[in-house]
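Coordinate analysis (summary)
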Amino acid sequence: MTDLTSQKQTALDAIAKADTLDALEAVRLDALGKKGWVSLALKTLGGMSPEERSEAAPAIQAVRAEIADALDAKKGELESAALEAQLAAETIDLTLPAPESAKGSVHPVSQVMDELAEIFADLGFAVATGPEIEDDWHNFTALNMDESHPARAMHDTFYFPDAAPDGGQMLLRTHTSPVQIRSLKDQGAPIRIIAPGRVYRSDSDATHTPMFHQVEGLVIDKDIHLGHLKWTLETFFKAFFEREDITLRLRPSYFPFTEPSVEVDVGYSNEGDRRVVGGNGDDEGHDWMELGGSGMVNRRVLEFAGVDPDEYQGFAFGLGIDRIAMLKYGMNDLRAFFDGDPRWLSHYGFAAVDQPALSAGVGARA
Ligand code: PHE
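Residues numbered from 1 in each chain as written. Predicted model: local features only at pLDDT ≥ 70, side-chain atom pairs only at ≥ 80, totals over all residues. Heavy atoms only, no water.

1. Some points on unusual backbone geometry
Here the bond from Ala189 into Pro190 is cis, since omega is 0°, no more than 30 degrees from zero. Residues other than glycine seldom take positive phi values, yet Asn144 does so here, at roughly 70°. Considering the arrangement of structural elements, one finds Asn144 in the loop between α6 (136–139) and α7 (150–154). (Helix = DSSP H or I, 4+ residues; strand = E, 2+ residues; numbered from the N terminus.)

Put into structure tokens, the structure is as follows:
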């Protein structure tokens with residue numbers, strides 16, 4: 001017993017003297033660790049007579065508790081001292097001059113995606129997303145392009161060597177249209193979404209990059225018709241380009257997943273080397289530019305997505321985000337978008353605090 005008392009005093013002294021968490025841990029191990037002297041003392045209880053044990057056990061437990069409490073208290077003390085030291089060391093010198101200009105900027109593509117979300121939210125659209133690594137069922141089959149469909153070959157698809165879990169092929173999505181299928185399967189009809197994001201095609205020249213951005217739109221409800229599509233696109237482009245004289249031309253076209261299908265052109269004029277959106281493309285000094293594809297969603301697509309085409313119908317569209325960004329903000333080389341040149345970024349980029357808002361004009365530049 002006297003032995004225990006003196007050992008306890010030694011340990012308490014060591015705890016009081018410990019000035020680091022490591023030193024404290026060493027004391028803990030020496031006393032309370034598996035082979036520590038308190039643990040060894042507890043083990044001797046087994047060999048004692050019941051009378052001896054009923055006297056020794058509470059004494060040893062008391063020593064154990066006293067040391068554990070002292071360790072805890074010291075640990076708290078050391079930790080708060082460490083925090084104080086860190087706070088004292090990590091001061092910020094507020095007298096240093098601010099940088100001449102803000103560093104970093106929001107890429108025009110990100111800015112335009114935020115503008116899209118803002119404008120379409122006002123029209124009651126939610127933002128949906130899907131994976132960039134897709135399977136061929138969502139990217140093609142469910143969009144009414146079975147294995148033998150010639151449109152598959154037109155997409156210059158990047159395929160992965162390994163098969164999908166269902167045995168199909170994995171690929172980089174070639175358009176945002178698979179999000180139509182995923183959203184309908186998840187939420188069913190009625191639905192009103194846009195899906196902005198990256199898409200990939202093995203294609204590269206002055207106007208094509210292997211990765212580019214699209215925004216998909218999808219509206220499915222009971223009485224939706226082509227007139228709603230035209231109104232929606234016109235209303236969007238007026239808000240996006242911040243001008244009323246937007247003229248759209250819907251040109252008959254073909255997509256396997258829409259019927260009928262139309263391509264969407266917008267009237268523009270040339271001002272110097274810059275294309276300016278507005279006016280009728282057939283007027284003097286004007287022309288039409290294609291911005292994307294659209295149409296009434298094909299019955300087969302609704303069936304693939306688990307929606308009853310006798311009850312529901314609607315429209316879909318797909319627009320090139322990079323292209324409408326170039327038109328709005330006057331860039332003329334698509335490849336520069338993805339070079340990551342800081343000079344280009346600081347010239348065309350947006351301030352992070354400059355959140356697009358309808359009330360401020362969606363394109364407000366700081
Ligand atoms: N997915 C088509 C493309 O990438 C565009 C589109 C979307 C057409 C929706 C019609 C409806 O070319």
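2. With respect to the site of the ligand
Neighbouring the ligand are 14 residues; His175, Ser177, Arg201, Gln214 and Glu216 lie closest to it. Contacts to the ligand include Arg201, whose side-chain N or O atom sits 2.9 Å from an oxygen atom. At a separation of 2.9 Å, an oxygen atom of the ligand approaches a polar side-chain atom of Gln214. In isolation the ligand offers 330 Å² of accessible surface; the protein chains occlude 91% of this area. Of all the secondary structure elements, the ones that give two or more residues to the shell around the ligand are β6 (211–221), β10 (286–297) and β11 (313–320). Take the shell around the ligand: its biggest share by element is three residues, from β11. (Near = heavy atom within 4 Å. Polar contact = N/O pair within 3.5 Å; in protein donor to acceptor, adjacent residues only side chain to side chain. Areas by Shrake-Rupley, 256 points an atom, 1.4 Å probe, with all protein chains shown as cover.)

3. Some points on the sheet that holds strand β4 (residues 169–172)
By way of backbone hydrogen bonds, the strands of a sheet pair with one another, either parallel or antiparallel. Pairing is antiparallel across the open sheet formed by three strands, whose spatial order is β2-β4-β3. Edge positions in the sheet fall to β2 (133–135) and β3 (159–163), since each of these pairs with one other strand and no more. Going from strand to strand, the sheet's axes swing by 30° on average, the running direction of each strand aside. Two elements, β3 and β4, share two bridges in a ladder whose sense is antiparallel. (Pairing = 2+ DSSP bridges. Axes fitted to C-alpha atoms, helices over the stretch in contact; angles between N-to-C directions.)

4. A word on the environment of Ser294
Take Ser294: it is sitting in strand β10. Here the alpha-carbon distance between Ser294 and Glu259, two residues 35 residues apart in the chain, equals 9.3 Å. Every residue in contact with Ser294, bar those within four places of it in the chain, is listed here: Leu229, Phe255, Thr258, Ser261, Val262, Val264, Ala316 and Phe317. (Contact = heavy atoms within 4.5 Å.)

5. Topic: the side chain of Ser269
Residue placement: Ser269 occurs in strand β8 (residues 258–271). Residue classification places Ser269 among the buried residues on the basis of a relative accessible area of 13%. With sequence-adjacent residues up to four places away left out, Ser269 is seen in contact with Arg274, Arg275, Val276, Gly278, Gly285 and His286. (Buried < 20%, exposed > 50% of the residue type's maximum accessible area, 1.4 Å probe, protein only.)

6. Describing the packing of aromatic side chains
Each aromatic ring pair is characterised by the separation of its centres together with the angle its planes make. Tallying each qualifying case throughout the model produces 14 aromatic pairs. Ring centres 5.3 Å apart and planes at 50° place the aromatic pair Phe337 and Trp344 in the tilted group. For the pair Phe337 and Trp344, one class covers both residues: buried. Centroid distance Trp344 to Tyr348: 5.1 Å. Interplanar angle 50°. Geometry classified as tilted. (Phe/Tyr/Trp six-rings, centres within 6.5 Å; stacked < 30°, edge-to-face > 60°.)

7. Regarding the pattern of salt bridges
Overall, the coordinates contain 21 salt bridges when judged by the stated rule. When the shortest N-O distance is used, the salt bridge between Glu79 and Lys75 registers 4.0 Å. You can see Glu79 and its partner Lys75 sitting in helix α4 (residues 50–89), four residues apart, about one turn around the helix. For Asp135, the salt bridge goes to Arg182, with nearest N and O atoms at 3.8 Å. Taken together, the residues Asp135 in strand β2 and Arg182 in helix α8 (residues 178–187) connect sequence positions 47 residues apart. A relative accessible area of 14% means that Asp135 is categorised as buried. By relative accessible area, which is 24% here, Arg182 ends up partly exposed. Where salt bridges share partners, they join Arg249, Arg251, Glu263, Asp265 and Glu290 into one cluster. (Salt bridge = Lys/Arg side-chain N within 4 Å of Asp/Glu carboxyl O.)

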